Number of protein chains: 2
Amino acid sequence: MADNFIGIDLGGTNIKIGIITADFKLLWKTSIPTDAQMGPGVVIDRIAEAVKDKTDTIKAIGIGSPGPAKYSEGVLIRCTNMPKFTNVPISNMLKEKFDKPVILENDANAACFGEFVAGAGKDIKNMVFFTLGTGIGGGIISDGKLLHGSGDNAAELGHIIVKINGRLCNCGQKGCAEAYASASATAKRTMEAIEAGEKSSLKEVLEQNGQITCKDVYEHLAGGDELAKKITDETAEILAVLCINTLHCTEPEKIVFAGGMIAAGDVLLERIRFYFKQHVWKIKPEDSVEICFATLGEDAGIIGAAALAVNL
Amino acid sequence: MADNFIGIDLGGTNIKIGIITADFKLLWKTSIPTDAQMGPGVVIDRIAEAVKDKTDTIKAIGIGSPGPAKYSEGVLIRCTNMPKFTNVPISNMLKEKFDKPVILENDANAACFGEFVAGAGKDIKNMVFFTLGTGIGGGIISDGKLLHGSGDNAAELGHIIVKINGRLCNCGQKGCAEAYASASATAKRTMEAIEAGEKSSLKEVLEQNGQITCKDVYEHLAGGDELAKKITDETAEILAVLCINTLHCTEPEKIVFAGGMIAAGDVLLERIRFYFKQHVWKIKPEDSVEICFATLGEDAGIIGAAALAVNL
């Protein structure tokens, strides 16, 4: 019976594909190289090939992709590192290939929805979601639904300004949370501090590798490095203010962090909670919003994309 | 025929009452003193008295009130300057009095909804609303609906932090937009500047009246006072950043300012737009969001409260 759903997480390097039930259980998953240079037609053929013995059980398909895109129209406008994916009507192409309904969603929104239906947010109705990676992606669930905004660009939460005229962000604004507290910005601030003469066990890493990653910072934090501690505190304080600012917009029950940087573990989560408590108003009980980590890991995107297809 | 709707705007000094059609035309309005010291029973009797020859035409009733309240349960928890209005099941009391369905909503949300259905936002689906008064109240419309959040406290937009560890806000947080850019905070910053020795034609006002109001600031701004210009610029810059931060949350088509302070007129609006343009990213066209003033004035609250009753 056709009562399962495909979720596709389209990335520049790999495409993750999963199949879920209508109640969001992941039945099967795989990952294939994107090979974007082959163009969208070939990429779709390869997705079809990967699931070819399973399509009988499929009712609908959801796909998550980075923007910019006209999500509601199912069209990818541009994909970083995928020059052949320009103005691609990917929903229609998949619909023709599979003869099933298709929904296209922003990748951060898809992961947010995955955590909402099957992960950290599964028992609540209002959630804010952050992915901490090269940038800070966001998603907002309000009264059980993803917010899309007037042009499919709601929840660009990394670009909330926390320091007026602060650090220049890749988006062109100054003082965005992303410019301080993404994994990349955290690594960059560490390198700047060392170059400015601050002492740290990370100096050796910088000299050996020519760069420092966010992972290096957390490894040296675990080893007791003072600079790593200071940098982590600054990141956590910015993320805490970001939590407060989104709390005052949509009032979630939970604020969920995902992405590579949460590998830092409890030490990061505890510092975010510490600064949240320090900066947030005392009008409502502090525990009326819970700050936590995502639980689905890399599966959030495929589960969320497929879950969005359940209501097609 | 009972196809009209009563809207009530419950304030500490006055109660505004209006009657609208199902398509949001204001048919009639009045204002009566609240006389809150008489207690909620008497206040409701007086509301009933004010509309007694019109109840035949009424289908349902909406009431807007300041918080804190359990809006979804129709219960006022506490009202500033109205000590007898504590834990008052106002929706049930009105329902019994009028034998009609009743909805209770936050007053800023009610005014937001009024502007949305019949004022500045009537042709759009996504809107952010700010009232600039003693504080900064907020409302968010997303995909045609008011956002309420997990505990009826969504859109507390004045408490978005724009300067970490900045000015102390009445809410207990530091650096809230409200602590800089409400009418009261604007007046307060002006007084502080004069007391710190800055030259201004407002010094005389402070000496004569013992205080400066936001209205004084805008009158002297019109007269060319340099300090009034500087203070207005700072207010406008904070409000512009607040616009950007809410834009990146819910992506409205319009951001609408209301409240006493918009009497300052175009000079304020133009400075907000100037700083918005200066600080916002260039990824989307600048004109994809419009910043404007509310158009319904004091009627927004009654129209919005009544409009919320249309779907009861």
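Computed from a prediction, not measured in an experiment: that's the story for all the values here. (Residues numbered from 1 in each chain as written. Chains lettered and ligands numbered in written order. Predicted model: local features only at pLDDT ≥ 70, side-chain atom pairs only at ≥ 80, totals over all residues. Heavy atoms only, no water.)

1. Details of the relation of the copies chain B and chain A
For the pair chain B and chain A, the best superposition has an RMSD of 0.0 Å and corresponds to a rotation of 180° with a translation of 0.0 Å parallel to the axis. On this basis, the relationship between the two copies can be described by a two-fold rotation axis. Both copies contact each other with a shared surface, as 100% of the interface residues of chain B are interface residues in chain A too. (Least-squares fit on C-alpha atoms with pLDDT ≥ 70 in both. Contact = heavy atoms within 4.5 Å.)

2. Notes on the nonpolar core
Core analysis: the largest hydrophobic core is formed by 119 residues, its most contacted members being Phe257 of chain A together with Phe257 of chain B. When sequence neighbours within four positions are dropped, the list of residues in contact with phenylalanine 257 of chain B reads Phe130, Leu132, Leu239, Cys243, Ile262, Ile272, Ile291, Cys292, Phe293 and Ala294 of chain B. (Core = buried A, V, L, I, M, F, W, Y, C linked by side-chain atoms within 4.5 Å. Buried < 20%, exposed > 50% of the residue type's maximum accessible area, 1.4 Å probe, protein only.)

3. Thoughts on the packing of helix α5 (residues 183-195) of chain A against helix α8 (residues 226-250) of chain A
When two helices pack together, their arrangement is given by the angle between the helix axes and the distance between those axes. Residue and element names in this part refer to chain A. Put simply, α5 and α8 touch, their axes get as near as 10 Å, and they point 135° apart. When the interaxial angle is binned, α5 and α8 end up oblique. At the point where α5 passes α8, the crossing takes the right-handed sense. From α5, Thr186, Arg189, Thr190, Ala193 and Ile194 reach across to α8, where they touch Leu227, Ile231, Glu234 and Thr235. Counted by class, the contact of α5 with α8 contains 4 nonpolar, 3 polar and 2 charged residues. (Axes fitted to C-alpha atoms, helices over the stretch in contact; angles between N-to-C directions. Helix = DSSP H or I, 4+ residues; strand = E, 2+ residues; numbered from the N terminus. Parallel < 35°, antiparallel > 145°, perpendicular 65-115°, else oblique. Left-handed = near helix turned anticlockwise from the far one by under 90°. Nonpolar A, V, L, I, M, F, W, Y, C, P; charged D, E, K, R; others polar.)

4. Considerations on the domain arrangement of chain A
All names here are of chain A. According to the domain assignment, chain A consists of domain 1 (4-113 + 299-309) and domain 2 (123-294). Its C-alpha centre places domain 1 at a distance of 28 Å from the equivalent point of domain 2. The partner domain 2 presents 12 residues to the 10 residues of domain 1 that form the contact. The junction of domain 1 with domain 2 conceals about 840 Å² of combined surface from both sides, 61% of it contributed by carbon and sulfur atoms. Looking at the side of domain 1 facing domain 2, the largest losses of area belong to Ala108, Asn109 and Cys112, adding up to 55% of the total buried there. Counting across the interface, domain 1 meets domain 2 through 0 salt bridges. Here domain 1 and domain 2 share 3 residue pairs in polar contact (both at pLDDT 80 or more) between them. (Domains from an automatic or database assignment. Buried area = accessible area lost by both parts, 1.4 Å probe. Salt bridge = Lys/Arg side-chain N within 4 Å of Asp/Glu carboxyl O. Polar contact = N/O pair within 3.5 Å; in protein donor to acceptor, adjacent residues only side chain to side chain.)

5. Re the pattern of salt bridges
Scanning the model with the defined rule gives 26 salt bridges over all chains in all. The residue aspartate 233 of chain A makes a salt bridge to arginine 271 of chain A at a minimum N-O spacing of 2.8 Å. Placement of aspartate 233 of chain A in helix α8 and of arginine 271 of chain A in helix α9 (residues 266-279) is noted, with a sequence separation of 38 residues between them. Judged by relative accessible area, which is 15%, aspartate 233 of chain A ranks as buried. A relative accessible area of 24% places arginine 271 of chain A in the partly exposed class. Note that lysine 215 of chain B is salt-bridged to glutamate 219 of chain B, the shortest N-O span being 3.7 Å.

6. Section: the sheet that holds strand β7 (residues 102-106) of chain A
All names here are of chain A. Pairing in this open sheet of 5 strands is mixed, and the strands run β3-β2-β1-β4-β7 from one edge to the other. Because the sheet does not close on itself, it has two edges, and the strands there are β3 (26-33) and β7. If you compare each strand with its neighbour and ignore which way they point, the axes differ by 20° on average. Across 7 bridges, strand β2 (residues 14-21) lies against β3 in antiparallel orientation. The partner of isoleucine 15 across the bridge, within β3, is isoleucine 32. Packed on one face of the sheet, helix α2 (residues 90-98) meets β1 (4-10), β4 (58-65) and β7 and runs near 150° to β7. (Pairing = 2+ DSSP bridges.)

7. Looking at the environment of lysine 84 of chain A
Residue and element names in this part refer to chain A. Within the secondary structure, lysine 84 sits in the loop between β6 (75-76) and α2. The class of lysine 84 is exposed, set by a relative accessible area of 52%. In the structure, lysine 84 is positioned 227 residues away from asparagine 311 in sequence and 31 Å away in space, judged by C-alpha atoms. If we skip the residues at most four places from it in the chain, lysine 84 touches Ala36, Gln37, Met38, Gly39 and Pro40.

8. Quick word on helix α6 (residues 202-209) of chain A
Residue and element names in this part refer to chain A. Leu202, Val205 and Leu206 are the residues of α6 that are buried. Angular distribution of buried residues about the axis of α6 spans 100°; they occupy a single face of the element. Of the exposed residues in α6, the ones pointing more than 90 degrees away from its buried face are Glu204, Glu207 and Gln208. Of the surrounding elements, those touching the buried residues of α6 are α5, α7 (214-222) and α8. At the C-terminal side of α6, glycine 210 shows a positive phi close to 80°. (Arc of directions from axis to C-beta.)

9. A few points about the packing of aromatic side chains
All names here are of chain A. A complete count under the given rule lists 6 aromatic pairs over all chains for this structure. Here phenylalanine 113 and phenylalanine 116 contribute two aromatic rings whose centre-to-centre distance is 6.0 Å and whose plane-to-plane angle is 45°, an arrangement assigned as tilted. One end of the pair is phenylalanine 113 and the other is phenylalanine 116, both in helix α3 (residues 107-118) and 3 residues apart, which spans about a single turn. Accessibility expressed as a relative area gives 10% for phenylalanine 113, which makes it buried. According to the relative accessible area criterion, phenylalanine 116 is buried, its value standing at 9%. Centroid distance phenylalanine 130 to phenylalanine 257: 5.2 Å. Interplanar angle 25°. Geometry classified as stacked. Taken together, the residues phenylalanine 130 in strand β8 (residues 127-132) and phenylalanine 257 in strand β11 (residues 254-258) connect sequence positions 127 residues apart. For phenylalanine 130, a relative accessible area of 0% gives the class buried. Look at phenylalanine 257 and you get buried, because its relative accessible area is 0%. Sitting over the face of the ring of phenylalanine 274, arginine 271 holds its NZ or CZ atom 4.4 Å from the ring centroid. (Phe/Tyr/Trp six-rings, centres within 6.5 Å; stacked < 30°, edge-to-face > 60°. Lys NZ or Arg CZ within 6 Å of the ring centre and 35° of its normal.)

10. A few points about the packing of helix α7 (residues 214-222) of chain B against helix α8 (residues 226-250) of chain B
All names here are of chain B. It is the contact of α7 with α8, at a shortest axis distance of 8 Å, that shows an interaxial angle of 120°. Accordingly, the angle class assigned to the pair α7 and α8 is oblique. Crossing handedness for the pair α7 and α8: left-handed. Contacts from Val217, Tyr218, His220 and Leu221 of α7 reach α8 at Ala228, Lys229, Ile231, Thr232 and Thr235.

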